[in-house]
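# Observations on chain architecture
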Amino acid sequence: MNLTLHLFIWVPIFGFLVSLILPKKNETLISVTAFSTLAIQLSLATGFIAYWLFTGAETIQINDIILFKNEEYVFQIDFLFDKITAVYLLVGAILTFMVTLYSRYYLHREAGYKRFFNTTLFFYVGYCVTTLSGNLETLFIGWEILGISSFLLISFYRERYLPVKNAVKVFSIYRIGDVGIILAMWASHHLWGQNITFSQLNNAELVHEHLQTHSIIGVFISLMFLLSATAKSAQLPFSSWLPRAMEGPTPSSAIFYGSLSVHIGVFLMLRTFPFWENQTSVRILIAGLGLLTALVATGIARVQSSVKSQIAYASIAQIGLIFIEVSLGFEKLALFHFAGNAFLRTYQLLVSPSVVSYLIREQFYHFEPRALSIERLLPLKWRNTLYVLCLKEWNLDSMLYQYLWNPMKWAGNKLNFLNGKRLMAYFVPAFGISYYLINENQMNVTALHWLPVFFAGIGLVLVFKSFTQRRSIRLSWILVIMNHFWIALAISLNEKFDSFESVLYLSGIMVAGLIGYLCLQRLFQQEGKMTLNRFQGLSENHPKIALIFLLACLGLTGFPITPTFIGEDLIFSHIHEDQFLLAGIVSLSFILDGLAVIRIYARIFMGPNYRTHATFSNRYF
């Protein structure tokens, strides 16, 4: 059985790697590779689940690979197979296989044919890692893969302005979910004193013993799980991203945002249910949030003019009901509801083009007035108010910008005095002096207490500036790199630990930062002066540089391709459980550095080519 669980990971990885080396113009070979990979996966999943049920359906936990270990910390890859995994794995295999078959002809002669299948297989790798994960660390690997593959598929039509803008929007919400997972891992490490597995959470006595004396941190962990699940499953107040994610091809909208990716938040809540099961306040909050989302999303769906937006909000409403079911402890009902909603939304999205053309034709010959609805029972003033609010999607997008992104932009714009010369004149010497004083033990006790927050704050200031920087691309890139160095300095001052851990964290940053900077230098040599004031659309002109720079961006954001991914978790393990301010500053830095880096990539390589298209609005990002 252990071997089969590994195959569920390695089969899609092998298919993805093979698809990368196939000729770009050979559509038949590309599509056959994709759906053959998924056919093998579906056969394995069906056979394994049947055998597993026949032999008693016992939970399988595999403690697999230890990537890093010291006296207090272990980063280990664990896998878990139970009924939650079985349902998600089987539904995912069936739907991905069907959509891949559909896409073979739907995307015929599309310029990005190979890119679509590459990204779909990459997404499925992340989906399998997430659903088979046995601890938070493994889940976070799959979680990150899902995030970046979603960004790439929403911006599939990368020569257009709107898909790219919406891809960055969705990625910004995903980053909030990422930090929720990171903070949950940080608090869990202090609560348990070890990296807990999901199977250990099923031990009610163990959970009760730890939460009895740490109730506040237990609630904090549960709220971080809820934050991540809410962002990933488009619940309030993050619901507006899902219709924007429909900018990609219809098959990707069906498989990701109609069925699988959008239900990963539900998976997280189901997986962690034994932890917050006895936290009544958290359960009430989850149920209330699900009910509010269901009501608001249902109203919005009823007034949408786009069929994709209607389906998106209808799916959000159903997921809100699933949240209620999870909070009430109805695990089997929630799993059944997930499978039904996933199949229905996939079908609806795949047939939506045909349905729209049919309805347009039919309305001319067989028009029927709409029947009376429940809204007719409301007073006219209330009815009109509700209609306008739903038409405006309850201003969810505007509220996110007003209360989240715009304050960050305002803070960054206040730092316009920072330029390359001043950066070298002030911050680089300050870093060197601080590093020397710390190593020479020249700091007093009071300074040592506040300096970690101060240094992390400097890093946050730099990444704020990078997030809002529009004039100099290279300065924006350097500011993100320096942010990581200030964070490493702050944490090394906060607690004594082996310097190798800082090297592990910064190694990926230095390599990715250098590669990215060299790519930028190469582009400036070939294209001349560029800024972040508009999209450049250079992916077609420089495809190799675009790919290398994307990998550098992923390395700089802590994606699981460099040691920085482990280093980020290590950094948080050295923040004490009562240092919420420090943890918050570092978390906000990680959110903004990911957004700043992806924004640089999108502005340079995506969007309309600056030589052939007119200037577009740059209001967002």
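Here we summarise the structure given alongside this text. Given the structure is predicted, the values throughout are model-derived calculations rather than measurements.

Rules used throughout
- Counting from 1, residues in each chain are numbered in the order their sequence is written.
- This being a predicted model, a pLDDT of at least 70 is required before a residue's local features are given, and a value of 80 or more before pairs of side-chain atoms are given or counted; all residues contribute to the totals for chains, interfaces and linings.
- Values shown for side chains rest on all heavy atoms present in the structure; no hydrogens or waters enter the calculation.
- The aromatic pairing rule takes the rings of Phe, Tyr and Trp, using the six-membered ring of Trp, and pairs them if the centres are within 6.5 Å, calling planes under 30 degrees apart stacked, those over 60 edge-to-face and the rest tilted.
- Secondary structure elements are taken from DSSP: a helix is a run of H or I of four residues or more, a strand is a run of E of two residues or more, and numbering for both begins at the N terminus.
- Exposure is judged per residue with a 1.4 Å probe applied to protein chains only, and the accessible area is read against the type maximum: over 50% gives exposed, under 20% gives buried, and values in between give partly exposed.
- Two thresholds decide whether a charge sits over a ring: the Lys NZ or Arg CZ must be within 6 Å of the ring centre and within 35 degrees of the ring normal.
- Salt bridge, as used here: a side-chain nitrogen of Lys or Arg that lies within 4 Å of a carboxyl oxygen of Asp or Glu.
- Cysteine sulfur atoms that pair up within 2.5 Å are treated as a disulfide.
- Given a helix with a known number of residues, its expected span is that number minus one, times 1.5 Å.
- Think of a polar contact as two N or O atoms within 3.5 Å of one another; within protein, one of them needs to be a possible hydrogen donor and the other a possible acceptor, and neighboring residues in sequence only count if both atoms come from side chains.
- Between the N-to-C directions of two axes lies an angle of 0 to 180 degrees, each axis being a line fitted to C-alpha atoms and, for a helix, fitted only over the stretch in contact.
- Roughly parallel here means an angle under 35 degrees, roughly antiparallel means over 145, roughly perpendicular means 65 to 115, and every remaining angle is called oblique.
- Left-handed describes a crossing in which the near helix is turned anticlockwise from the far one by less than a right angle; the clockwise case is right-handed.
- The contact rule is simple, with two residues in contact once any of their heavy atoms fall within 4.5 Å.
- Basically, the charged four are Asp, Glu, Lys and Arg, the nonpolar ten are Ala, Val, Leu, Ile, Met, Phe, Trp, Tyr, Cys and Pro, and anything else, Gly included, counts as polar.

## What to know about the packing of aromatic side chains
The full count for this structure, using the stated rule, is 33 aromatic pairs. Seen from their ring centres, Phe225 and Phe275 are 6.3 Å apart, and the 90° between their planes marks the pair as edge-to-face. Of the two residues, Phe225 sits in helix H9 (residues 215–232) while Phe275 sits in helix H13 (residues 273–276), which places them 50 residues apart along the sequence. Classification of Phe225 by relative accessible area gives buried; the value is 4%. Three or more aromatic residues joined by ring pairs make a cluster, and in this case those are Tyr113, Phe116, Phe117, Phe156 and Tyr157. The residue whose ring lies beneath Arg160 is Tyr157, and the NZ or CZ to ring-centre distance is 4.3 Å.

## Here's the deal with unusual backbone geometry
Comment: phi is negative for the bulk of residues other than glycine, and the bulk of peptide bonds are trans. In the segment running from Leu236 into Pro237, the intervening peptide bond is cis, with an omega of 5°. Counting through the fold element by element, Pro237 comes out in the loop between H9 and helix H10 (241–244). We note that Glu393 has phi near 55°; this positive angle belongs to a residue other than glycine. On the secondary structure map, Glu393 appears in the loop between helix H17 (380–391) and helix H18 (396–413). Phi at Asn395 takes a positive value of approximately 55°, unusual for a residue other than glycine. Within the secondary structure layout, Asn395 lies in the loop between H17 and H18. By relative accessible area, Asn395 is classed as partly exposed at 34%.

## Considering the pattern of salt bridges
Tallied over the full model, the rule gives nine salt bridges. Salt-bridge contacts for Arg160 lead to Glu159; the nearest nitrogen and oxygen are separated by 4.0 Å. Linked through salt bridges whose partners overlap, the residues forming this network are Lys169, Arg244, Glu393 and Asp397.

## A look at the state of the cysteines
Inspection of the entire model under this criterion finds zero disulfides. Not engaged in a disulfide, the cysteine Cys553 finds its nearest cysteine sulfur in Cys519; these two sulfurs lie 8.7 Å apart.

## Considering helix H21 (residues 473–494)
The end-to-end C-alpha separation of H21 is 32 Å, in line with the 32 Å expected for 22 residues at 1.5 Å each. By the criterion of burial, H21 is predominantly enclosed, with 18 of the 22 residues buried. Capping the start of H21, Ser472 holds a side-chain oxygen 3.1 Å from the backbone nitrogen of Leu475, two or three residues further along.

## Structural notes on the packing of helix H22 (residues 499–527) against helix H24 (residues 564–573)
In a pair of packed helices, the angle between the axes and the distance between the axes together describe the arrangement. Two elements in contact, H22 and H24, have axes separated by 7 Å at closest approach and are oriented at 135°. It follows from the interaxial angle that H22 and H24 lie oblique. Along this stretch, H22 crosses H24, giving a crossing that reads as left-handed. Contacts between H22 and H24 involve Glu501, Leu504, Tyr505, Gly508 and Ile509 from the first element and Thr564, Ile566, Gly567, Glu568, Leu570 and Ile571 from the second. When its residues are assigned to classes, the contact of H22 with H24 shows six nonpolar, three polar and two charged.

Keep in mind these numbers describe shape, not what the thing actually does.
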